Each structure stands twice: as C-alpha cells, then as structure tokens.
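# Analysis of the macromolecular model
Here's the letter readout for the chains.
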Amino acid sequence: MLSAVTNLEREVVTGQVNFNSHMDAVVAMAVRLVNLLTAGEARGHDYDPPAGPELARVATSALRVASPRTPDLSEREAAQLAEFAQAFRAVFAGVASGDVDGAAHQVNRLLGVTGAHPWLDSHDGEPWHLHFHGAQDSAVIGWAAGCATGLAIVLGSDLRGRLGVCTAPHCDQAYVDTSRNGTRRFCSTSCQNRVKTAAFRARRG
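Here we summarise the structure given alongside this text. (Residues numbered from 1 in each chain as written. Predicted model: local features only at pLDDT ≥ 70, side-chain atom pairs only at ≥ 80, totals over all residues. Heavy atoms only, no water.)

What follows deals with the overall build of the protein chain. Within the protein chain one finds seven helices and six strands. Along the protein chain, helices and strands appear, N-terminal first, in the series α-α-β-β-α-α-α-β-β-α-β-β-α. Taking all 205 residues of the protein chain together, the buried fraction comes to 43%. The contacts of the protein chain with a sequence gap of at least 6 include a subset with a gap of at least 24, amounting to 52%. Just so you have it, the protein chain exposes about 10500 Å², and 53% of that area is on carbon and sulfur atoms. (Helix = DSSP H or I, 4+ residues; strand = E, 2+ residues; numbered from the N terminus. Buried < 20%, exposed > 50% of the residue type's maximum accessible area, 1.4 Å probe, protein only. Contact = heavy atoms within 4.5 Å. Areas by Shrake-Rupley, 256 points an atom, 1.4 Å probe, with all protein chains shown as cover.)

If you want it as structure tokens, here you go:
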C-alpha cells in the first residue's frame, strides 16, 4: 500500500517521473481520467469531453494506457467512468484550494461507493501484486476503486500537496507534482510558457 508514496518520495529526490508500481499507476490514471473525461479548460481553451460512442472510445483508450487488455467499454460504462472522473476532479480541486478535509471526505465516499478492498492478483505474466477491487468487478469499478485508494494514500501522507490543478489562466487540468522541490504550478510546459510570455509582454507594455 505504500508503493505510491515510496515512489513519489523517490521522485522528489531524483526529480524524475517514475510511475512503476500499481499504486503510482492508479494515481496517474486518476489524473488522466479527470483531464480527458470532465469539462473544464485546457491550455487556454474551453474543453468539452466527448459523448456517446466517442466517450466510450476515449475512456477505453485511457484505461488501455495502463492495461492494454481492457475490453471495449460500452457507452453506459464510459458515462459511469466519467462520473467517477468528476468526483476525482473534486479531490484535486479541494487540495488545490486548501480544502483537504473536503477532499478527504470525497475520497472516503468513493472508497465506500466502489467497495475498495485489498486483493492480490496475478495476470498478464506479472507477479502477484495488490489491487483494491475484487477479481469479478467490472473494469470501471476496478479502476475507480484503485484510483480512489491511490488518492487516499497520497492524501494520508505528507505528499498530499503534490496533487494539483494548473494555475495558468483558462486551464484547470489536474496533475501530480513530481518535481524535485515540489513547486510545480502548471499542468504542462505549454501553460508555463503561456504565463511567462504573458508576463514578458506585460512588462514590455
């Protein structure tokens, strides 16, 4: 259960992103789902998530980044995953705004709804490793339970402040800060460069 925290701590020292463990993978998945499946702003533009068949395609592709054998999601399953993604967004937003209590309560609700519980599994030629859902759970519930557990572990550690929301204008993409000194403020170099360019122009004007 401590692998996510351990790897994140190692990243603080090395300055390198290293999502190797299952727990790190589920935290990264939470970020991916928030940014792909929920409405908001992305790098200076409004972002509307896909709907219908396109939502199912995008949601399936997102899960396959970490689990290539994920079956195609139905439109109903994709919509359910998008609802969980919206709940994950509230966690990142809570931490970013300083409302850690609210974020923690949200995670507890997610743990309850998904029925998250430890389960050792071995699949796809991998050694036994810890999941947080039953072997018979659907892909959506399985990932939602894992993401909720990963967020719970981060929130329950000294690294909770590393869950962030981009501070650039017109962007609210989520991210996990794995920088050496923990001072990341933007979701991407694109947003960082936008802010720097705007500041430079303001000084010249």
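We are not done yet, so read on.
Their axes nearest at 8 Å, the elements helix H2 (residues 22–37) and helix H6 (residues 139–155) cross at an angle of 105°. One finds that H2 runs roughly perpendicular with respect to H6. Contacts from Met23, Val26, Val27, Met29, Ala30 and Leu33 of H2 reach H6 at Trp143, Gly146, Cys147, Thr149, Gly150, Leu151, Ile153 and Val154. Broken down by class, the residue content of the contact of H2 with H6 amounts to 11 nonpolar, three polar and no charged. (Axes fitted to C-alpha atoms, helices over the stretch in contact; angles between N-to-C directions. Parallel < 35°, antiparallel > 145°, perpendicular 65-115°, else oblique. Nonpolar A, V, L, I, M, F, W, Y, C, P; charged D, E, K, R; others polar.)

Below, the discussion takes up the pattern of salt bridges. One pass over the full model with this rule turns up four salt bridges. The salt bridge partner of arginine 64 is aspartate 72, with a shortest N-O separation of 2.5 Å. Overall, arginine 64 belongs to the partly exposed group, its relative accessible area being 32%. Between aspartate 177 and arginine 162 there is a salt bridge; the shortest N-O distance is 3.8 Å. Taken together, the residues aspartate 177 in the loop between strand E6 (174–176) and helix H7 (189–204) and arginine 162 in the loop between H6 and strand E5 (163–165) connect sequence positions 15 residues apart. Here aspartate 177 and arginine 162 have matching classes, each one buried. (Salt bridge = Lys/Arg side-chain N within 4 Å of Asp/Glu carboxyl O.)

For H6, which comprises 17 residues, the first-to-last C-alpha distance of 24 Å matches the rise-based estimate of 24 Å (1.5 Å per residue) to within 8%. Among the 17 residues in H6, 15 count as buried, and that is most of the element. (Expected span 1.5 Å × (residues − 1).)

For the structure on display, the rule yields zero disulfides. Looking at the unpaired cysteine 166, the closest cysteine sulfur is the one in cysteine 171, lying at 3.8 Å. A relative accessible area of 6% places cysteine 166 in the buried class. (Disulfide = S-S within 2.5 Å.)

So, on to the side chain of arginine 162. By relative accessible area, arginine 162 is classed as buried at 11%. At 2.8 Å, the side chain of arginine 162 and the backbone oxygen of serine 179 are in polar contact. (Polar contact = N/O pair within 3.5 Å; in protein donor to acceptor, adjacent residues only side chain to side chain.)

With that out of the way, let us pick up the nonpolar core. Residues Leu33, Leu37, Leu81, Phe88, Phe92, Leu151 and Leu163 are the most contacted members of the largest nonpolar core, which totals 44 residues. Of all the secondary-structure elements, those providing two or more residues to this core are H2, helix H3 (52–64), helix H4 (75–97), helix H5 (100–114), H6, E5 and E6. With near-sequence residues (within four places) excluded, leucine 163 lies in contact with Phe92, Val95, Leu151, Val154, Leu155, Tyr175 and Val176. Counting residues in each nonpolar core, the second largest holds seven residues, with Ala168, Tyr175, Phe186 and Cys191 among its members. (Core = buried A, V, L, I, M, F, W, Y, C linked by side-chain atoms within 4.5 Å.)

Compared with the 22 Å implied by 1.5 Å per residue over 16 residues, the 22 Å span of H2 between its first and last C-alpha is a close match. The element H2 is extensively covered by neighbouring structure, given that 12 of its 16 residues are classed as buried. If you check which residues of H2 are buried, you get Met23, Asp24, Val26, Val27, Ala28, Met29, Ala30, Val31, Leu33, Val34, Asn35 and Leu37.

Here we take up unusual backbone geometry. Look at arginine 43: it is not a glycine, yet its phi comes out positive at around 55°. Since its relative accessible area comes to 42%, arginine 43 is described here as partly exposed. Its identity is not glycine, yet histidine 170 carries a phi of approximately 60°, on the positive side. Among the secondary structure elements, histidine 170 is positioned in the loop between E5 and E6.

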